[in-house]
Amino acid sequence: MATKTQQLPAPETKRQFKTSDDFDDAYLKDIERRTNIWSCIQCGTCTASCESGRWTAFKIRSIIRKVVLGDLSALDDPDIWLCTTCYQCYERCPRDVRPTDVIIELRNYASARGNVSPAHRAVIKNLKETGHGVPINDQVRQQRVELGLPELPPTIFKYKDEEDSELQKMADRLFNVAPKPDPATKQAANEEDG
Ligand code: SF4
Ligand code: SF4
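Residues numbered from 1 in each chain as written. Chains lettered and ligands numbered in written order. Predicted model: local features only at pLDDT ≥ 70, side-chain atom pairs only at ≥ 80, totals over all residues. Heavy atoms only, no water.

Describing the site of ligand 2
Using the following cut-off: We call a residue near a molecule or strand as soon as one heavy atom of that residue lies within 4 Å of the molecule or strand. Each residue gets one label: Ala, Val, Leu, Ile, Met, Phe, Trp, Tyr, Cys and Pro are nonpolar, Asp, Glu, Lys and Arg are charged, and the others, such as Gly, are polar.
Close to ligand 2 lie Cys50, Ser52, Phe58, Ile60, Cys83, Thr84, Thr85, Cys86, Tyr87, Gln88, Cys89 and Thr100. In terms of residue class, the shell around ligand 2 is built from seven nonpolar, five polar and no charged.

As structure tokens, this is what we get:
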């Protein structure tokens with residue numbers, strides 16, 4: 001009886017993890033400063049405590065592992081935006097790793113690369129333009145005008161357009177979010193990397 005030759009999958013050629021030569025010290029500097037990331041023992045208490053991870057694929061333990069291994073794909077991982085910063089993991093971690101702060105620092109770097117979830121990007125846009133995180137709809141705007149109030153409740157942002165104001169400079173730093181990367185460019189860069 002003729003036997004079928006089994007087709008094995010092609011070996012994985014794409015490098016999954018960065019080597020020490022690729023390691024970016026700047027990336028870890030701020031994480032090290034505010035967390036105890038090197039104390040992680042991968043016990044999983046953080047993931048087991050995570051409300052967000054209960055409903056999504058987000059695994060905080062895996063994110064911490066990626067960072068410890070210098071796997072820079074953590075910066076492009078959309079899951080880092082699923083953390084609600086509830087601090088459950090922070091309170092329960094037996095090694096005081098402070099996983100929530102790891103996520104916050106990761107997000108700082110990720111946003112400079114354009115990795116920001118659409119919902120967070122929308123909030124940032126609203127804050128940048130009006131000082132309000134939640135948009136005010138047209139009906140409320142009109143009612144406010146009819147009542148003799150400014151169309152938008154004033155915030156400190158009403159001073160942001162003053163030339164050279166400190167507030168404007170702060171806003172430029174705070175809301176410095178890179179545009180979403182073009183998928184075609186990203187793929188080309190990954191192929192070069194691989
Ligand atoms: Fe690491 Fe702390 Fe999470 Fe355990 S609970 S895996 S020690 S970060
Ligand atoms: Fe999960 Fe974030 Fe809450 Fe930690 S702070 S338990 S990662 S949602």
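A look at the site of ligand 1
Around ligand 1, 13 residues are found, and the nearest of them are Cys40, Cys43, Gly44, Cys46 and Cys93. Along the lines of polarity and charge, the residues of the shell around ligand 1 split into eight nonpolar, three polar and two charged.

With respect to the packing of aromatic side chains
Quick reminder of the rule: Aromatic rings from Phe, Tyr and Trp, taking only the six-membered ring of Trp, are treated as a pair when their centres fall within 6.5 Å; an angle between ring planes under 30 degrees marks them as stacked, one over 60 as edge-to-face, and anything in between as tilted. Only protein chains enter the area calculation, which uses a 1.4 Å probe; residues under 20% of their type maximum are buried, those over 50% are exposed, and those in between are partly exposed.
Counting across every chain of the model gives one aromatic pair. Between Tyr87 and Tyr90, the ring centres sit 5.1 Å apart and the planes meet at 65°, which makes this aromatic pair edge-to-face. The class of Tyr90 is partly exposed, set by a relative accessible area of 25%.

Digging into the nonpolar core
To keep things clear, this is the line we draw: Put simply, buried Ala, Val, Leu, Ile, Met, Phe, Trp, Tyr and Cys residues joined by side-chain atoms within 4.5 Å make one nonpolar core. Going along the chain from the N terminus, every DSSP run of H or I of four or more residues is numbered as a helix, and every run of E of two or more is numbered as a strand.
Val67 and Leu106 are the most contacted members of the largest nonpolar core, which totals 23 residues. Put simply, the parts of the chain that give this core at least two residues each are helix H1 (25-34), helix H4 (60-68) and helix H6 (99-112).

Here we look at the pattern of salt bridges
Where we set the bar: Counted as salt bridges are all cases of a side-chain nitrogen of Lys or Arg within 4 Å of a carboxyl oxygen of Asp or Glu.
The final tally for this structure, using the stated rule, is 10 salt bridges. For the salt bridge of Glu105 with Arg33, the shortest nitrogen-to-oxygen distance reads 3.8 Å. Remark: Arg33 occurs in helix H1 and Glu105 occurs in helix H6; sequence separation between them is 72 residues. Several salt bridges converge on common partners, so that one network encompasses Asp30, Arg33, Arg34, Asp101 and Glu105.

A word on helix H8 (residues 138-146)
Where we set the bar: We define a polar contact as two N or O atoms separated by no more than 3.5 Å, with the added condition that, inside protein, one atom must be a possible hydrogen donor and the other a possible acceptor, whereas residues neighbouring each other in sequence contribute only through side-chain atom pairs.
Put simply, Asn137 is the residue that caps the front of H8, since its side-chain oxygen is 3.2 Å from the backbone nitrogen of Gln139. Residue Gly148 follows H8 closely and has a positive phi angle near 80°.

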